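Structural overview
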Amino acid sequence: MVDALSPFRHPALFYRGDEEYLDGVIPYLLEGLDRGEPAAVAVPGRNLLLIEKALEDRAGEVRLIDMQRAGRNPGAILPSVLHAFAAAHEGPVRIVGEPIWAGRSASEYPACVVHEALINNAFAGRDLAVLCPYDVGALPPPVLADAERTHPELWGLAGPFVSSRFDPDGVRADFTRPLDPPPGAVERGFDLGQLASLRGFAEIWAARHGLRRPRRDDFALAIAELTTNSVLYGGGTGLLRLWAEPTEVIGEVTDTGTIAQPLAGRIPPPAATLGGRGLLLVNRLADLVRTYWVPGRTTTRIHFTR
C-alpha cells in the first residue's frame, strides 16, 4: 500500500518539546526551499511562531497558516489548506500540517483522524510531501496509535521508519460509524416538496436557540445544501434533526444514499463540472462536520458554535 502512494510522502513526526519539534520541521522545510519547492506550514498558533522565528530570514519564503483558525473544521483542511496550496503550484511542494493537538475536543478528534486518513487518498501518486507533527508529551497513546495507522512513515528520535500498522481505509471505517442523536432532537422528514421551506425552518429554529447572524444564515444555508443533496443523490427523501448543546447548535441530515467517493466535499470538482460543490460549501461553513455511513444510510452532522 505504501508503494502505491509514491512519490507522495506523508510522514508523522513524533516529537517531545520545542527542540525536537524544530529539529524535525526546520530541516524538512529548508531542504525543500533549497530545492526550489514551495512550502506551507499550517500548525497551531504557538507552534507557528516557533517555526517562523527558527526560519529567520527564510520565513518570508514559506506560507504560514494558523491551523486553529483554518482547520477549526477538520473537513475544511484538505480543500481550503492542503489542496488549495498544492493546486496553486506546479511541481513538488512541501507542507507541514498539524491538525491534531491536545486542545481538540472529543467531537473534533474523529474528524481529524478521518482527515489524516483521507490525505493518502487525495495525494496518492502526486509529487508532494505532507509532514504531520504529533506531540507525544501531550497526546494520549491511542492518538499516537491512530497516527501509526494513518501515516505510512514515522519520524522520531530513532529515525524514519515505515509504519507496520498503516491502514487508512480501516481507520476511515472505524471512525465513520453512525451515532444516535439525543432523544430531544426536533425531527422533520422531507422530500422534494418540502425543500423550499427547510432553510427558513432551520433559520428560525437556530435563532430561537441563540445562534446570531451571520452564522445563523450560514447554518440555514448548510442545512439547505445537505437536504438538497439528499433529494438529488440520497434517494429523494431524508430526515432532518436539530438540537442544541450548551455551546453549539447541531443539525444532521440522514438519507438512504451511500457515499461512493470518500473525498466528496474535500476536493473541488473541475471548474467545468456542474454541481458537486454542496458538501464542499458545508465543510467551509461549519465549525465541525462529521459524516457517518453504512450501505444504504448516510448521515451528515454539522456543528455551529454559539
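Relevant structure appears above.
A brief look at the structure comes next. Source: prediction; values computed, not measured.

Looking now at the sheet that holds strand E5 (residues 128-135). Ordered by their spatial adjacency, 7 strands build an open sheet running E3-E2-E4-E5-E1-E6-E7, and the pairing between neighbours is mixed. Two strands in the sheet have a free side with no partner beyond their single neighbour: strand E3 (62-66) and strand E7 (161-162). Pairing between strand E6 (residues 153-155) and E7: 2 bridges, direction antiparallel. Bridge pairing in E7 places Leu154 opposite Phe161.

With that settled, consider the packing of aromatic side chains. Tallied over the entire structure, the rule returns 7 aromatic pairs. With 5.8 Å between their ring centres and 45 degrees between their planes, Phe8 and Phe123 make a pair best called tilted. Placement of the pair is Phe8 in the loop between helix H1 (2-5) and strand E1 (11-15) and Phe123 in helix H6 (residues 108-123), with a sequence separation of 115 residues. Take Phe8 and Phe123: they sit in the same class, and that class is buried. Seen in terms of ring centroids, Tyr28 and Trp155 are 6.0 Å apart; in terms of plane orientation they differ by 75 degrees. Their pairing is edge-to-face. A residue pair is termed long-range when its members are at least 10 positions apart, and Tyr28 in helix H2 (residues 17-34) and Trp155 in strand E6 qualify at 127 residues. For Tyr28, a relative accessible area of 6% gives the class buried. Members of the aromatic cluster, joined through ring pairs, are Trp205, Phe219 and Phe304. A cation sits over an aromatic face here: Arg94 above Tyr28, 5.2 Å from the ring centre.

Here Ser6 and Pro7 are connected by a cis peptide whose omega angle stands at 5 degrees. On the secondary structure map, Pro7 appears in the loop between H1 and E1. The residue after Arg213, namely Pro214, is reached through a cis peptide bond having omega 5 degrees. Here Pro214 is to be found in the loop between helix H9 (195-208) and helix H10 (215-233). Located in the positive-phi region is Glu56, a residue other than glycine, with phi close to 55 degrees. Take Glu56: it is sitting in the loop between helix H3 (45-55) and E3.

This part is about the sheet that holds strand E12 (residues 297-305). The strands that make up a sheet are held in pairs by hydrogen bonds between backbone atoms, and each pair lies either parallel or antiparallel. Read from one edge to the other, the open sheet built from 5 strands follows the order E8-E9-E10-E12-E11, with strand pairing classed as antiparallel. Pairing within the sheet leaves two strands with one partner each, and these edge strands are strand E8 (186-190) and strand E11 (288-294). Within this sheet the neighbouring strands show an average axis-to-axis angle of 15 degrees, counted without direction. Sheet topology places strand E9 (residues 238-245) next to strand E10 (residues 248-255); 7 bridges connect them, and they run antiparallel. Within E10, the position partnered with Arg241 by the bridge is Glu252.

Our focus in this paragraph is H2. Helix length check: H2, at 18 residues, gives a terminal C-alpha distance of 26 Å against a target of 26 Å (1.5 Å per residue), a fit within 8%. Those residues of H2 that sit buried are Tyr21, Leu22, Gly24, Val25, Ile26, Tyr28, Leu29, Gly32 and Leu33. One or two residues past the end of H2 sits Gly36, with phi positive at roughly 80 degrees.

The subject of this paragraph is the nonpolar core. Grouped together as the largest cluster of nonpolar side chains are 38 residues, with contacts concentrated most on Leu82, Phe123, Leu128 and Tyr134. Residue assignment for this core shows that the elements contributing at least two residues are E1, strand E2 (39-43), helix H5 (77-87), strand E4 (93-97), H6, E5 and helix H7 (141-150). When residues of this core are assigned to their parent elements, the largest contribution, 9 residues, is made by H6. Beyond its immediate chain neighbours, meaning those up to four positions away, Phe123 contacts Phe8, Leu78, Leu82, His83, Ala86 and Leu128. Residues Ala206, Phe219, Ile302 and Phe304 belong to the second largest nonpolar core, which totals 22 residues.

Right, let's talk about the side chain of Arg149 for a bit. With respect to the secondary-structure elements, Arg149 resides in helix H7. Once you skip the residues sitting within four places of it in the chain, Arg149 turns out to touch Arg165, Phe166, Asp167, Pro168, Gly170, Val171 and Asp174.

On to the environment of Phe8, then. For Phe8, a relative accessible area of 5% corresponds to the buried category. Spatially, the C-alpha atom of Phe8 lies 5.7 Å from that of Gly125, the residues being 117 residues apart in sequence. Discounting residues that sit within four places of it in the chain, Phe8 has contacts with Ile119, Asn120, Phe123, Ala124, Gly125, Arg126, Leu128 and Val130.

Within the secondary structure, Pro133 sits in strand E5. Along the chain, Pro133 and Asp66 lie 67 residues apart, while their C-alpha atoms are 14 Å from each other. With residues up to four places along the chain from it excluded, the contact list for Pro133 reads Leu13, Tyr15, Tyr21, Val25, Val96, Gly97, Glu98 and Ile100.

Cut-offs applied
Residues numbered from 1 in each chain as written. Predicted model: local features only at pLDDT ≥ 70, side-chain atom pairs only at ≥ 80, totals over all residues. Heavy atoms only, no water. Pairing = 2+ DSSP bridges. Helix = DSSP H or I, 4+ residues; strand = E, 2+ residues; numbered from the N terminus. Phe/Tyr/Trp six-rings, centres within 6.5 Å; stacked < 30°, edge-to-face > 60°. Buried < 20%, exposed > 50% of the residue type's maximum accessible area, 1.4 Å probe, protein only. Lys NZ or Arg CZ within 6 Å of the ring centre and 35° of its normal. Axes fitted to C-alpha atoms, helices over the stretch in contact; angles between N-to-C directions. Expected span 1.5 Å × (residues − 1). Core = buried A, V, L, I, M, F, W, Y, C linked by side-chain atoms within 4.5 Å. Contact = heavy atoms within 4.5 Å.

Note that all results are geometric; they support no functional claim without further evidence.
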